[in-house]
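# Commentary on secondary and tertiary structure
Now for the letters of each chain:
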Amino acid sequence: FGDKFKKPKDSWECLVCCVLNKAEDSKCVACMSEKPGGSVPVPCNNTTPVSMPSGGFLGLDKFKKPEGSWDCEVCLVQNKAEDTKCVACESAKPGTKSEFI
Ligand SMILES: [Zn+2]
Ligand SMILES: [Zn+2]
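A brief structural summary.

Thresholds applied
Residues numbered from 1 in each chain as written. Chains lettered and ligands numbered in written order. Predicted model: local features only at pLDDT ≥ 70, side-chain atom pairs only at ≥ 80, totals over all residues. Heavy atoms only, no water. Helix = DSSP H or I, 4+ residues; strand = E, 2+ residues; numbered from the N terminus. Buried < 20%, exposed > 50% of the residue type's maximum accessible area, 1.4 Å probe, protein only. Contact = heavy atoms within 4.5 Å. Areas by Shrake-Rupley, 256 points an atom, 1.4 Å probe, with all protein chains shown as cover. Salt bridge = Lys/Arg side-chain N within 4 Å of Asp/Glu carboxyl O. Donors = N, O, S within 2.8 Å, 3.2 Å for Na, K, Ca; no water. Tetrahedral: all angles 85-135°; square planar, octahedral: opposite > 155°, others 65-115°.

As a further point, take the overall build of the protein. Scanning the protein from N- to C-terminus turns up zero helices and four strands. Counting from the amino terminus, the protein carries its helices and strands in the arrangement β-β-β-β. Considering the protein as a whole, with its 101 residues, one finds that 14% of them fall into the buried category. Across the protein, contacts joining residues at least 24 apart in sequence account for 3% of those joining residues at least 6 apart. Element-wise, carbon and sulfur atoms account for 57% of the exposed surface of the protein, whose accessible area totals about 9100 Å².

One pass over the structure, following the stated rule, counts one salt bridge. With a shortest N-O distance of 3.9 Å, K9 and D10 are connected by a salt bridge. D10 matches K9 in its accessibility class, with the two residues each being exposed.

Distances from the zinc ion (ligand 2) to its protein donors, C72 (SG), C75 (SG), C86 (SG) and C89 (SG), fall within 2.2 to 2.3 Å. In this structure, the zinc ion (ligand 2) is coordinated by four donor atoms arranged in tetrahedral fashion, with angles at the metal of 101 to 120°.

One can find S91 in the segment after β4 (78–79). A residue is classified by how much of its surface remains accessible, and S91, at 19% relative accessible area, is buried. S91 has contacts with W70, C72, V74, T84, K85 and C86, leaving out every residue within four places of it along the chain.

Tetrahedral coordination by four donors sets the ideal angle at the metal to 109.5 degrees; octahedral coordination by six donors sets it to 90 or 180 degrees. Donor atoms from the polypeptide that coordinate the zinc ion (ligand 1) comprise C14 (SG), C17 (SG), C28 (SG) and C31 (SG), at 2.1 to 2.3 Å from the metal. Around the zinc ion (ligand 1), the four donor atoms sit at angles spanning 103 to 119°, and that spread fits a shape best called tetrahedral. Read in sequence order, the donor residues coordinating the zinc ion (ligand 1) give the pattern C-x2-C-x10-C-x2-C. One end of the pair, C14, is in the loop between β1 (12–13) and β2 (20–21); the other, C28, is in the loop between β2 and β3 (70–71), with 14 residues separating them in the sequence. According to the relative accessible area criterion, C28 is buried, its value standing at 0%.

With respect to the helices and strands, C72 occurs in the loop between β3 and β4. Separated by 13 residues in sequence, C72 and K85 have C-alpha atoms that sit 8.5 Å apart. Beyond its immediate chain neighbours, meaning those up to four positions away, C72 contacts V77, N79, C86, C89 and S91.

Interpretation note: all reported values are geometric properties and have no functional meaning in isolation.
Here it is, written out as structure tokens:
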């Protein structure tokens with residue numbers, strides 16, 4: 001009742017001449033057209049591999065500082081590692097012992 005045409009299972013209809021072909025036919029028996037969707041491989045364009053490196057951003061610091069640099073606690077100026085005093089306010093480098101000066 002529902003089917004317009006009662007087709008055999010896996011049969012296919014030729015797009016060119018509308019002839020109903022059997023499933024085992026790879027070409028239309030009437031016009032020899034290729035079976036639609038049968039021989040044409042669907043190109044899979046998913047060439048981008050979904051690779052999720054876990055923790056790939058771990059090496060990225062919030063602030064990229066020179067090695068050993070330190071921030072002055074008084075004036076927040078960034079000083080170099082070799083500086084024992086703040087270059088701006090001359091405060092002692094935090095963490096340095098007083099005997100170091
Ligand atoms: Zn045909
Ligand atoms: Zn300072």
